[in-house]
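Single-letter residue listing:
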Amino acid sequence: MNHQERVPCAGLGLSHIDREVLLAGWVDALRDHGELLFIHLRDRSGVVQVVFSPEFADPQLCKAASSLRNEFCIALRGRVRKRDPGTENPHIETGFIEVAATELEILSRSEALPFPISEKAMVAGAATRGTDSASEEIRLQYRYLDLRRPTMQDRLIKRHRIIKVARDFLDERGFLEIETPMLTKSTPEGARDYLVPSRLHPGCFYALPQSPQLFKQLLMVSGFERYFQIVRCFRDEDLRPNRQPEFTQLDLEASFIDEAFWYDLIEELLVRMFAVGGVEMARPFPRMTYDEAMDTMGSDRPDTRFGLRFVEATDLFRDTSYGIFRQILQRGGSIKGINIKGQSEKLSKNVLQNEYAKEIVPGFGAKGMTWMRVVRGDLESNIVQFFNRDEQRAIRERFDAQDGDVIIMIADAANGTVVSALGQLRLHLAERLKLIPEGVFSPLWVTDFPLFTATETGIASSHHPFTSPDRTDFDPTNREELLSLRSRAYDVVVNGEELGGGSIRIHDPQVQGKIFSALGLTQTDVEEKFGFFLKALAYGAPPHGGLALGMDRVVSMILSSDSIREVMAFPKNRSAYCPLTQAPSAVSRDQLKELGLLESGGSAPLPGADHRQGLLETLSWVSRIAINENERTAIADALEEAARQADQVRQNAGEEAPLFSVSAPMNRMRARDEARRSPLAASGDLFKNAPAMKGNYFKVAGILE
Ligand code: ASP
């Protein structure tokens, strides 16, 4: 095939009528009318209809074409012609033409597919089968096929465009792209490190970077002034939705700048990146201090697409006779509330009392909540009689209460509990009452974070320990004072998601030393962990600062995808496992030995493992379940039977990779294969041991899948 002659499928249109073209790609869909065979040929650009007919192709060619199946990879030559009137398909770019094939080469064949890939119907208006039926696990296991789907291709193409826009923009602004090491020393970002054992230095480990933090600061000491990198970072964190063990940051650092530099740069950058997805974002982005965000929305990454701001109510109840409030206030507590405007129809007494007060709000960590509905100018609830007339009037005024409003208040001895519970309640209500407008992107800078947060044993950095405090004359031994310090940090938040954050850094080694000692690090700790870095700061470090954007989140938000996994080519699943490559996987003892990892745990990596003999002993030991003498024979038999069946299944399994989840039987069959009914089905013997049915499927034990 002469690749220079090849043209993209989606590039063809009415202007190419009668042109001879060479195309290559995959068979997206087929429609067989006996003599006449239509296919959709798909390449990266899109699809075009190709027709094989004895009218203009020799019988050999038509015969070869009849052996085509979905996802065969083919090249063909043909003449572009106008489709017959009435057969046009306005849903595809090339819907007014088709290619009459005159040559065909099958470049490679495809196995039957685990799920449909085609997303374009051949007949205008007809439904296509999406991948909805395929579980994410199957999609990840066959990711190379999942990525053939136009939706996935489009996402990765847009991701490329978004990153390209960022690269071009930063280049324009004088930033240099510089790589930093992957095998390195631990950089604290609040997660566990992924460690890599060193063969050449037995017993020693590299850490994969949680971020390039220290290196980018060193690049400022080196005088590069403006750095960026699209960089992979690794954090071994507990599993949470929308997290991946490895993810991509757009990492930035600059010298001789202040906060205003970053506000300007990042706003412009985000505006340009969002524009790739057709989203217009207005500048300047609003700013809010951490305290205001917590006090009014109960989150340091508040969603500002809707109101439901908190109203301070503590002072209204200073002299209240309502026992619960009085006790809480005596213990130094606080009371805040939300006015849910005009929603009393949707929030009945029953919903407020039995769902929110009893179930939902306690789930958010508060002991309870107080609710009131505004009816004909008065407050109504199960406890309103405990408040005197003045208090009721004060509540109405403070909350600007109108008929149809619902007021919810949370009181607690700990202000942190009040704002956190109310913050979660705010989001819950917004979702339930559909108060979040669609298609709106609401950016926000959150600033003035506390430098430290209190922990059970002492204090920890709220960001990382290289963040500049708002003043440097603090006493590192005074916990109270340390907790009152603010940082010169800033987070950029859109629609309640933190897309990035950074700070102005400490560039004075003395101040950096004070922070380490405030964190309780000994001289030896500091020397061992950050000695090289403190030393570098002592050689004329310029004032500097930076920021990092989580690119998977940015792209996922721009493209409105359900999860960051949808915008990553090869993500791990929710358990940090890769169903495609089956990583992480066990390694041989020889490898462990070579890396010096066996010595650390002795010759038996699991203590006691070498004393266990036989299936029964091993099972009992591994599962930590004691097996009684009188059960032994029966369990031993069952185990042997299970092992025998597993062996049989393994032998019968064939070459194909096992499927881990149900997929529709039609996906596993070729169009022309003949379906036959098993005689066992008629007698009911087939699946007679299957425990239950769900829809059209038998539920069978996972092991049979
Ligand atoms: N290293 C920080 C992070 O990964 C970002 C920064 O401070 O520039 O969150």
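Residues numbered from 1 in each chain as written. Predicted model: local features only at pLDDT ≥ 70, side-chain atom pairs only at ≥ 80, totals over all residues. Heavy atoms only, no water.

(A) Spatial organisation of the site of the ligand. Near the ligand lie 13 residues; those nearest to it are Glu189, Gln213, Lys216, Gln249 and Arg505. Serine 211 has a polar side-chain atom sitting 3.3 Å from a nitrogen atom of the ligand. One nitrogen or oxygen atom from the side chain of arginine 235 is found 3.0 Å from an oxygen atom belonging to the ligand. Contributing elements (two or more residues each) for the shell around the ligand: helix H5 (213–221), strand E21 (497–504) and strand E22 (544–550). Top element by residues in the shell around the ligand is E22. It accounts for three residues. Looking at the shell around the ligand, its residues break down into two nonpolar, seven polar and four charged. (Near = heavy atom within 4 Å. Polar contact = N/O pair within 3.5 Å; in protein donor to acceptor, adjacent residues only side chain to side chain. Helix = DSSP H or I, 4+ residues; strand = E, 2+ residues; numbered from the N terminus. Nonpolar A, V, L, I, M, F, W, Y, C, P; charged D, E, K, R; others polar.)

(B) Quick look at the pairing of strand E17 (residues 443–447). Burial runs high along E17: five of the five residues are buried. The side-chain alternation of E17 yields two buried faces, one formed by Pro443, Trp445 and Thr447 and the other by Leu444 and Val446. Summarising the sheet, strand E11 (residues 287–289) and E17 pair through three bridges and their orientation is parallel. Bridge pairing in E17 links methionine 288 to valine 446. (Buried < 20%, exposed > 50% of the residue type's maximum accessible area, 1.4 Å probe, protein only. Pairing = 2+ DSSP bridges.)

(C) Layout of a nonpolar patch on the surface. On the surface, Leu14, Ile17 and Phe96 cluster together into a nonpolar patch covering about 250 Å² of accessible area. Structurally, the position occupied by leucine 14 is in the segment before strand E1 (20–33). (Patch = residues over 30% accessible without salt bridge, like charges linked within 9 Å, V, L, I, M, F, W, Y side chains within 5 Å. Areas by Shrake-Rupley, 256 points an atom, 1.4 Å probe, with all protein chains shown as cover. Salt bridge = Lys/Arg side-chain N within 4 Å of Asp/Glu carboxyl O.)

(D) The arrangement of the environment of histidine 428 in detail. Note on placement: histidine 428 falls in helix H11 (residues 415–432). On a C-alpha basis, the gap between histidine 428 and lysine 216 in space is 40 Å, while along the polypeptide they are 212 residues apart. Sequence-distant contacts of histidine 428, defined by excluding residues within four places in its chain, comprise Tyr356, Ile360 and Phe364. Side chain to side chain, histidine 428 and tyrosine 356 meet in a polar contact 3.0 Å long. (Contact = heavy atoms within 4.5 Å.)

(E) Here's a closer look at the environment of cysteine 62. With respect to the helices and strands, cysteine 62 occurs in helix H1 (residues 59–66). Setting aside its immediate chain neighbours within four residues, cysteine 62 contacts Ser53, Pro54 and Ala57.

(F) Quick look at the pairing of strand E14 (residues 370–375). Counting buried positions along E14 yields five of six residues, so the element is predominantly enclosed. Relative to strand E16 (residues 406–412), E14 is paired through four bridges, and the arrangement is antiparallel. By the bridge assignment, arginine 373 is partnered in E16 with valine 406. Where E14 and strand E15 (residues 378–380) come together, three bridges link them in antiparallel fashion.

(G) Just the side chain of serine 563, in detail. Here serine 563 shows up in the loop between helix H15 (551–558) and helix H16 (589–594). Given the relative accessible area of 8%, serine 563 is considered buried. Among the polar contacts made by the side chain of serine 563, one reaches the main-chain amide nitrogen of arginine 565 at a distance of 3.0 Å. Not counting chain neighbours up to four residues away, the residues in contact with serine 563 comprise Asn242 and Ser556.

(H) Representation of the packing of helix H13 (residues 509–518) against helix H14 (residues 523–537) in the model. Contact geometry of H13 with H14 gives a least axis separation of 10 Å together with a crossing angle of 160°. Here H14 runs roughly antiparallel to H13, going by the angle between their axes. Note that H13 runs across H14; the crossing there is right-handed. Side by side, H13 and H14 meet where Pro509, Gln512, Gly513 and Phe516 of the first sit next to Val526, Phe530, Phe533, Leu534 and Leu537 of the second. (Axes fitted to C-alpha atoms, helices over the stretch in contact; angles between N-to-C directions. Parallel < 35°, antiparallel > 145°, perpendicular 65-115°, else oblique. Left-handed = near helix turned anticlockwise from the far one by under 90°.)

(I) View of the sheet that holds strand E3 (residues 46–52). Strand order in the closed barrel made by the five strands is E1-E2-E3-E5-E4, with mixed pairing throughout. Here the strands of the sheet are splayed against their neighbours by 55° on average, with no regard to which way each runs. Here strand E2 (residues 36–43) pairs with E3 via seven bridges, running antiparallel. What sits directly across from isoleucine 39, in E3, is valine 50. Contacts from H1 reach E2, E3 and strand E5 (97–108) within the one sheet, and its direction differs from that of E5 by about 70°.

(J) Structural detail: the confidence of the model for the chain. Within the chain, residue pLDDT values average 91, and 92% of them lie at 70 or more. In this model residues 601–605 is a low-confidence stretch, pLDDT under 50, and it forms three contacts with partners more than four residues away in sequence or in other chains. For the stretch residues 661–667, pLDDT sits under 50, and the model shows 18 contacts to residues farther than four places along the chain or on other chains. (pLDDT = per-residue confidence, 0-100.)

(K) Geometry of helix H7 (residues 290–297). All of the buried residues along H7 are Tyr290, Ala293, Met294, Thr296 and Met297. Its buried side turned inward, H7 meets E11, H11 and E17. Looking one or two residues past H7, glycine 298 carries a phi angle of roughly 65°, positive in sign.

(L) The arrangement of the packing of aromatic side chains in detail. Taken as a whole and judged by the stated rule, the model has 19 aromatic pairs. Where tyrosine 263 meets tryptophan 445, the ring centres are 4.8 Å apart and the plane angle is 55°; that geometry is what we call tilted. You can see tyrosine 263 sitting in helix H6 (residues 259–276) and its partner tryptophan 445 sitting in strand E17, a full 182 residues away along the chain. Here tyrosine 322 and phenylalanine 386 contribute two aromatic rings whose centre-to-centre distance is 5.6 Å and whose plane-to-plane angle is 20°, an arrangement assigned as stacked. Of this pair, tyrosine 322 sits in the loop between strand E12 (311–312) and helix H8 (323–330) while phenylalanine 386 sits in the loop between E15 and helix H10 (389–398); the two residues are 64 residues apart in sequence, bridging distant segments of the chain. (Phe/Tyr/Trp six-rings, centres within 6.5 Å; stacked < 30°, edge-to-face > 60°.)

(M) Quick peek at the nonpolar core. Formed by 40 residues in total, the largest nonpolar core has its most connected members in Trp262, Ile266, Met273, Phe274 and Leu549. Of all elements in the fold, only helix H4 (150–172), strand E10 (246–255), H6, strand E20 (489–494), E21, E22 and H15 reach the threshold of two or more residues within this core. With 10 residues, H6 is the single largest residue contributor to this core. Not counting chain neighbours up to four residues away, the residues in contact with tryptophan 262 comprise Phe175, Leu252, Glu253, Ala254, Ile257, Glu267, Trp445, Tyr490, Ile504, Gly545 and Gly546. Ranked by size, the runner-up nonpolar core spans 36 residues in total, among them Val351, Leu425, Leu444 and Val446. (Core = buried A, V, L, I, M, F, W, Y, C linked by side-chain atoms within 4.5 Å.)

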